[in-house]
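# Observations on the three-dimensional arrangement
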Amino acid sequence: MIEKIIDFSVKNRLIIGLLTLAMVAWGVYNFTILPIDAVPDITNNQVQVITVSASLAPQEVEQFITFPIEMAMANIQDVTEIRSISRSGLSVVTIVFKDKVSPYLARQLVSEQIKIAENDIPEGYGKPEMMPITTGLGEIYQYVIEPEPGYENVYDAMTMRTIQDWIIKRYLSGIPGIVEISSFGGFLKQYEVSIKPRTLVAMDITILEIFEALEKNNQNSGGSYIEKGPGAYYIRAEGMIEQEKDIENIVVKNINGIPILIKDVADVKISSPPRYGAMTKDGKGEAVGGITLMLKGANTAKVIKEVKTRMDEVKQTLPDGLKVHAYLDRARLIKKQSIRFPKTSSKVV
C-alpha cells in the first residue's frame, strides 16, 4: 500500500505539488483566524438569573424572589448545581449545566422556567431576567469619557453619562461578538416631581391622581385615518413629554372649573436616582465609562479589532471637547504574551 502511494506520488509530481501548496495555503489561512486570547476561559456552562427590587431587604428578597426561582429551576435536567445570592434589592441565581448541554439550549430551558417563577413572585417585586451570554473574562475593552483641557466646566458627570448611554453605547451596539455594553459612573438623568404634601391636602388631591395624570399625559396615540380623494391622512396625537415645562403644565384635575396643574402642587426639576457606588479615575473625582462584554467563545482579537474600528467612528461624532480613552485593551495583553512566549504560542497554534 505504501509502495503504491510512493509510486503514485513520483509519477504525478505536479498534482502532489499542487495539493501540498493548497494544504499550506489552507493552513496559513486558518492560522490567521485562530481564536487567540491572553488567558484561557475556564468558566463552566452556566446561566445567571438576576432580579432587581430596590425596596426589599435581603430577607424578603430570599423569601419572595430567590426561593421561587430556585424551585422553578430545580426541575431542569442536566443541572449540576444551583446557587444564589440574596442582597438588599438584588437576587442572583446561578444555574450550572453539564458541559454537554449547549449554552443556547440551557438559556432556552431557563427562559421557560422563568415564566413559571414569575407567577410565584408578588406583583411589583421585580422581574427576573437572564444575564448576557458572557463570562468573567468577557470584559475585553474598557474606556472612560473625559473632557479635554478647558472643557471641565462644560461637561458634568450627568451630561457625560447621557452621552455614554445615548450616543456611544448605541453606536457600539451590533458589533459581532459583543453582547452588552455596560455603563458606569455619572448620574442618570431623570425628571423628578417633588410633591408638596400640604398643598395636596388643601386641594383634596391624592398622590394616585398625580401618578395617573403623569401617565395619561405622556404618550402618543393614533386616531385612524381620513380618506380624501386618492390619498389617506393618518391622525395622531403627540403627547410625549420633552421638557420640564411640559410636565409642569399637566392638568391633575378641575376644581369648580379651575384646572389644577402639576406645578401648583409639586416642583419639577432634573435629578438622578440614588446611587450605590461611583466611578473615579486616578483619584481626580467622578468619571464616566463603559465596558464591552464579549460573547462566550468568540475570537477576542477579532472582536477587539471590530470594537476599535467602531470606536474610531464614535470619536468623530462626539461633541467638541470630549474624548474617549481606553484604559483596558485585551489586545495589548495578547500582543505582549505573543512576544514574550513566541515558541509556546507557535506550539499551541
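Structural notes, computed from the coordinates. Since this is a predicted model, take the numbers as computed values, not measurements.

### Here's the deal with the overall build of the chain
- Along the chain, the regular secondary structure elements total twelve helices and 14 strands.
- On the principal axes, the C-alpha backbone points of the chain span a range of 110 × 65 × 55 Å.
- Each of the 349 residues in the chain was classed as buried or not, and the buried ones make up 29%.
- Considering only residue pairs separated by 6 or more positions, the chain has 71% of its internal contacts joining residues 24 or more positions apart.
- Put simply, the chain shows about 23,000 Å² of open surface, and 56% of that area lies on carbon and sulfur atoms.
- Within the chain, one finds 40 positive and 42 negative side-chain charges whose respective centroids are separated by 9 Å.

### Thoughts on the nonpolar core
- Among the nonpolar cores identified, the biggest contains 24 residues, and Y143, I168 and L172 are the most heavily contacted of them.
- Counting residues per element, the ones that place at least two in this core are β5 (139–147), α5 (157–172), β6 (178–185), β13 (288–294), α10 (300–317) and β14 (322–329).
- Among the elements that take part in this core, α10 stands out by supplying five residues, more than any other.
- Counting residues in each nonpolar core, the second largest holds 18 residues, with V61, A72, I76 and A117 among its members.

### Focus: a nonpolar patch on the surface
- A cluster of nonpolar side chains, namely M1, I2, I5, I6 and V10, defines an oily patch on the protein surface of about 570 Å² accessible area.
- Tracing the backbone through its elements, the reader meets I6 in helix α1 (residues 2–11).

### A word on the packing of helix α3 (residues 58–73) against helix α4 (residues 103–120)
- Running from N to C, α3 and α4 cross one another at 135 degrees; their axes reach a closest spacing of 9 Å. Relative to α4, α3 is oriented oblique. At the point where α3 passes α4, the crossing takes the right-handed sense. In this structure, α3 contributes F64, P68, I69, A72 and M73 to the contact, and α4 contributes V110, Q113, I114, A117 and D120.
- Looking at the contact of α3 with α4, its residues break down into eight nonpolar, one polar and one charged.

### Focus: the packing of aromatic side chains
- With the rule as written, the count across this model stands at three aromatic pairs.
- Measuring from ring centre to ring centre gives 5.5 Å for F64 and Y125, while their planes differ by 75 degrees; the resulting arrangement is edge-to-face. One end of the pair, F64, is in helix α3; the other, Y125, is in the loop between α4 and β4 (129–130), and 61 residues separate them in sequence.
- In this structure F64 comes out as partly exposed when scored by relative accessible area, which is 26%.
- Of the residues examined, Y125 reaches a relative accessible area of 25% and is grouped as partly exposed.
- On the basis of an interplanar angle of 40 degrees and a centroid distance of 6.3 Å, the ring pair of Y141 and Y143 is categorised as tilted. Of the two residues, Y141 and Y143, neither departs from the other in class, the shared state being buried.
- Across from the ring centre of F187, 3.9 Å away, lies the NZ or CZ of R275, which sits over that ring.

### Examining the environment of Y151
- Structurally, the position occupied by Y151 is in the loop between β5 and α5.
- With 39 residues separating them along the chain, Y151 and E112 place their C-alpha atoms 50 Å apart.
- For Y151, the residues in contact, after removing those within four places along its chain, are D320 and G321.

### A closer look at the sheet that holds β4
- The strand order across the open sheet formed by four strands is β2-β3-β1-β4, and the pairing between neighbours is antiparallel. With one partner strand each, in any of the chains shown, β2 (79–87) and β4 form the two edges of the open sheet.
- The sheet contact formed by strand β1 (residues 46–52) and strand β3 (residues 90–97) spans seven bridges and is antiparallel. Opposite V47, over in β3, you have I95 as the bridge partner.
- Packing of α3 onto the sheet brings it into contact with β1, β2 and β3, and relative to β2 it is tilted by some 165 degrees.
- Relative to the sheet, α4 contacts β1, β3 and β4, its axis offset from that of β1 by approximately 30 degrees.

### Quick look at the sheet that holds β6
- Spatially, four strands are ordered β6-β13-β5-β14 in an open sheet, and the strand pairing comes out antiparallel. Strand pairing shows two members of the sheet lacking a second neighbour, β6 and β14, which therefore form its edges. Going from strand to strand, the sheet's axes swing by 25 degrees on average, the running direction of each strand aside.
- As paired strands, β5 and β14 are joined by seven bridges and run antiparallel to one another. In the sheet register, Y143 faces β14, and the bridge partner there is A326.
- Against the sheet, α5 touches β5, β6, β13 and β14, its axis set at about 175 degrees to β6.
- Relative to the sheet, α10 contacts β5, β6, β13 and β14, its axis offset from that of β5 by approximately 15 degrees.

Rules of the game
- Residues numbered from 1 in each chain as written.
- Predicted model: local features only at pLDDT ≥ 70, side-chain atom pairs only at ≥ 80, totals over all residues.
- Heavy atoms only, no water.
- Helix = DSSP H or I, 4+ residues; strand = E, 2+ residues; numbered from the N terminus.
- Buried < 20%, exposed > 50% of the residue type's maximum accessible area, 1.4 Å probe, protein only.
- Contact = heavy atoms within 4.5 Å.
- Areas by Shrake-Rupley, 256 points an atom, 1.4 Å probe, with all protein chains shown as cover.
- Lys, Arg positive; Asp, Glu negative; His and termini not counted.
- Charge placed at Lys NZ, Arg CZ, Asp CG, Glu CD.
- Core = buried A, V, L, I, M, F, W, Y, C linked by side-chain atoms within 4.5 Å.
- Patch = residues over 30% accessible without salt bridge, like charges linked within 9 Å, V, L, I, M, F, W, Y side chains within 5 Å.
- Salt bridge = Lys/Arg side-chain N within 4 Å of Asp/Glu carboxyl O.
- Axes fitted to C-alpha atoms, helices over the stretch in contact; angles between N-to-C directions.
- Parallel < 35°, antiparallel > 145°, perpendicular 65-115°, else oblique.
- Left-handed = near helix turned anticlockwise from the far one by under 90°.
- Nonpolar A, V, L, I, M, F, W, Y, C, P; charged D, E, K, R; others polar.
- Phe/Tyr/Trp six-rings, centres within 6.5 Å; stacked < 30°, edge-to-face > 60°.
- Lys NZ or Arg CZ within 6 Å of the ring centre and 35° of its normal.
- Pairing = 2+ DSSP bridges.

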